[in-house]
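Overview (structure and organization)
Below, each chain spelled out in residue letters.
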Amino acid sequence: MKKKIFALVMISVMTLGMFGGCSSEEETAEEEEIVEQTLTVSDPDYYTRFKGKDISINVYNWGEYISTGADEGTLDVNTEFEKLTGIKVNYTNFATNEELYAKLKGGGASYDIVIPSDYMISKMIKEKLIQKLDFDNIPNFSYIMDNFRNMEYDPENEYSVPYTWGTVGIIYDETVVDINEEDIDWDLLWNEEYADQILMFDNPRDAFAIAEILLGYSLNTENPDELAAAAEKLKKQKKVVQGYVMDEIFDKMGAGDALIAPYYAGDALTIMEENDSLNFVVPKSGTNLFVDAMCIPKSSKQKEAAEMYINFMCEPDIAYANIDYICYSTPHSAAFDMLDDEVKNDPISYPDEELIANRTTVFVNLSDEANKTMQDLWTEMKSADDETTNKWLVPVFLIACLATIIIVLIRRHIKSKKDIF
Amino acid sequence: MKQLKVLSVPYLVWMVIFILVPIIMVAFFAFTNEDGSFTIKHISDVGQYANIFVHSIWLALIATVICLVLAYPIAFIISRMEKHRQGTMMMIVMLPMWMNFLLRTYAWMTLLGNNGIINHLLGMVGLGPYKLINTSGAVVLGMVYNYLPFMILPLYSVMAKIDKSVIEASRDLGCNSVNVLFRVIVPLSLPGITSGITMVFVPAISTFIISRMLGGGSNLLIGDLIEMQFLGNSYNPHLGAAISLVLMVIILVIMTVMNQFSPDDQVLI
């Protein structure tokens, strides 16, 4: 999700403007004087507990997923936290849920805060990679909207505090794609008329979800037959797909190199700022709703300081600064109230209740078996071009290896005999 | 001599900790299950990805051949220049490498894109647009572009040592240009050719970022496959380690074959 693996590259290649505010703020900021955002916290005493103790926490977050103060007048969240609490923040980025999982599972790294998505949270709960939070230390949890508590991935809401949410939809060039917004469905991504102009998610979970919606299956299906049918569907898409990408969607769509792509609402809004001809729509047959939430890994050595950080992230001013910067949707009631009306009423960021209730599904973790099936099908789909699955290849290779070794040995033998003379 | 041997201790320690131990760990992972028990299931599972292996070897081979064809003449020409110009020329060859590898590959994405600079220029003269990016050709181009200096460098350093008088002598003895090339220069530069091939082929066969960026994700290479096992949807380091191990064996075999062509005293592995 999000601006992932190539965020670093993109920063160097593109201008700052790309990541500017997604609301109308940018234009107004030029006309009016820049309003410096100030920070007031609800309970300053709470934050001074660790002052002078010289401790630090390791925060592991998605790329471009926090307010850095890059836009004038906005808050640099991590610096503010350090100033307020005296706790040093070591901030690093990951690119995919799977990368985060691999890091935690591998056990080499010690993080105090991680921000995985829904299905990954339930997987991590199951595998005991994250620990229960002490909500007494997170009084600001009260700001989290009711409908984002006790989500399916964390039914008792013991492990996570929601940070952002959003939907997956289709971003397309409306000047070329001549279809009514209401009529757009996921099959647009299979439309041969736009062959070679379509991008697709390079991530099995998201890609399978799209095929599953089209086939009318659940997004969380574990049925091998349904997964196989979804893979078959994806295979059919292959000939019209220009490329399987994740973050490149950002610049390919922005530059007009492709016309249609699935994308996350928040990022889509940021591209649409850059390119007027683009439009974003949540297809009529439904979509995936994702929630990214803050968690504390089991390996954390600074649990209380980490909870302080989570609480800080839920301070209204901070939550607002973050959401204003990253353009995703917020589950934080006070931050939502602070947004411009234009953003609040934006159907892309905040779709109406009916859509959320009836047409979106949240991922839950699949069984290991289903994950494995999906991964195998995905690899098979991706390498399907050379369909001639050569069963004889492996034996031939082994024989060739053996032959080589024998030839080399014979050659050496002959040589060594020659050397005698 | 004994005192000199002591000097090699730091590297030996380095080698054991960072080369030997990791290789043993890869082998260990490849032959074990999640619960640590011995299995050859992962190794035999690698067989189902045979076509990806063939595809990767094929692309890496093409890239290596193109690199060799491009690099050989230029390395020779540079090695015959005056000394001070040789330095400048080598610097120009190395110049792209001062820039970050990712950034260079990323630049190709914008060059080759459907609305990229190349298609744009072609469009001006009424051609195209052609599908340049997300093809196997683009992946090979990326490999050639990124690894060409690794071919030029060893070739140049070997050729610079070929004495001019050797070539003159062969001329005196009646060699024509073709014979000078194939009977004098090529044999003398063989060590450079083999090490150049190694330095291009090995990284090319295991790359994943080039195929990801320029291949559009539908040109899976072994590198992508391994990466998927460690950072992909299914976290399976055991299968990943097995694939890496098989890849290592393949490279070893290919290198052994190649070494049969080089003079015996300069065998690389």
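Values in this document were obtained by computation on a predicted structure and should not be read as measured data.

Moving on, we come to the packing of helix α4 (residues 50-79) of chain B against helix α10 (residues 177-206) of chain B. Residues and elements named next belong to chain B. Where α4 meets α10, the closest approach of the two axes is 9 Å, and the angle between their N-to-C directions is 140°. On the basis of their axis angle, the class for α4 and α10 is oblique. Judged by the twist between their axes, the crossing of α4 over α10 is right-handed. Contacts from S56, I57, A60, L61, T64, C67, L68, Y72 and F76 of α4 reach α10 at L181, I185, V186, S189, I193, I197, V200, F201, A204 and I205. Of the residues contributing to the contact of α4 with α10, the split by class is 16 nonpolar, three polar and no charged.

If you check helix α16 (residues 368-382) of chain A, its first and last C-alpha atoms are 21 Å apart, about what 15 residues at 1.5 Å a residue would give, namely 21 Å. Buried residues of α16(A): A:A370, A:N371, A:M374, A:Q375, A:L377, A:W378, A:T379, A:M381 and A:K382, and no others.

Residues and elements named next belong to chain A. By the assigned domains, chain A splits into domain 1 (7-165 + 290-365), domain 2 (166-288 + 373-382) and domain 3 (393-421). In this complex, domain 1 contributes 28 residues to the contact, which on the side of domain 2 involves 28 residues. When domain 1 packs against domain 2, close to 2,500 Å² is buried across both sides, 59% of that on carbon and sulfur atoms. Taken together, domain 1 and domain 2 are joined by 11 residue pairs in polar contact (both at pLDDT 80 or more). At the level of secondary structure, the elements contributing two or more residues to the side of domain 1 that touches domain 2 comprise α2 (25-31), α15 (353-359) and β12 (360-361). Its residues assigned to classes, the side of domain 1 that touches domain 2 shows 16 nonpolar, eight polar and four charged.

Residues and elements named next belong to chain B. Structurally, P96 can be placed in the loop between α5 (83-94) and α6 (101-112). Note: C-alpha distance between P96 and Y145 (49 residues apart in sequence) is 9.3 Å. The contact partners of P96, leaving out residues within four places of it in the chain, are R104 and Y145.

Residue and element names in this part refer to chain A. For strand β10 (residues 287-294), the buried fraction is high: eight of the eight residues fall into the buried class. The sheet contact formed by strand β5 (residues 161-173) and β10 spans six bridges and is antiparallel. Across the sheet, G166 pairs through a bridge with F290, a residue of β10.

Bringing the interface of chain B and chain A into the picture now. In this assembly, 40 residues from chain B lie in contact with 46 residues from chain A. Buried area between chain B and chain A, both sides added, is near 3,800 Å², and the carbon and sulfur share of it is 58%. For the interface between chain B and chain A, the tally reads one salt bridge. Close ionic contact of A:D196 with B:K131 constitutes a salt bridge, the shortest N to O distance being 3.3 Å. Our enumeration of links across chain B and chain A arrives at three residue pairs in polar contact (both at pLDDT 80 or more). Classifying every residue of the side of chain B that touches chain A by side-chain character gives 20 nonpolar, 17 polar and three charged.

Definitions and cut-offs
Residues numbered from 1 in each chain as written. Chains lettered and ligands numbered in written order. Predicted model: local features only at pLDDT ≥ 70, side-chain atom pairs only at ≥ 80, totals over all residues. Heavy atoms only, no water. Axes fitted to C-alpha atoms, helices over the stretch in contact; angles between N-to-C directions. Helix = DSSP H or I, 4+ residues; strand = E, 2+ residues; numbered from the N terminus. Parallel < 35°, antiparallel > 145°, perpendicular 65-115°, else oblique. Left-handed = near helix turned anticlockwise from the far one by under 90°. Contact = heavy atoms within 4.5 Å. Nonpolar A, V, L, I, M, F, W, Y, C, P; charged D, E, K, R; others polar. Expected span 1.5 Å × (residues − 1). Buried < 20%, exposed > 50% of the residue type's maximum accessible area, 1.4 Å probe, protein only. Domains from an automatic or database assignment. Buried area = accessible area lost by both parts, 1.4 Å probe. Polar contact = N/O pair within 3.5 Å; in protein donor to acceptor, adjacent residues only side chain to side chain. Pairing = 2+ DSSP bridges. Salt bridge = Lys/Arg side-chain N within 4 Å of Asp/Glu carboxyl O.

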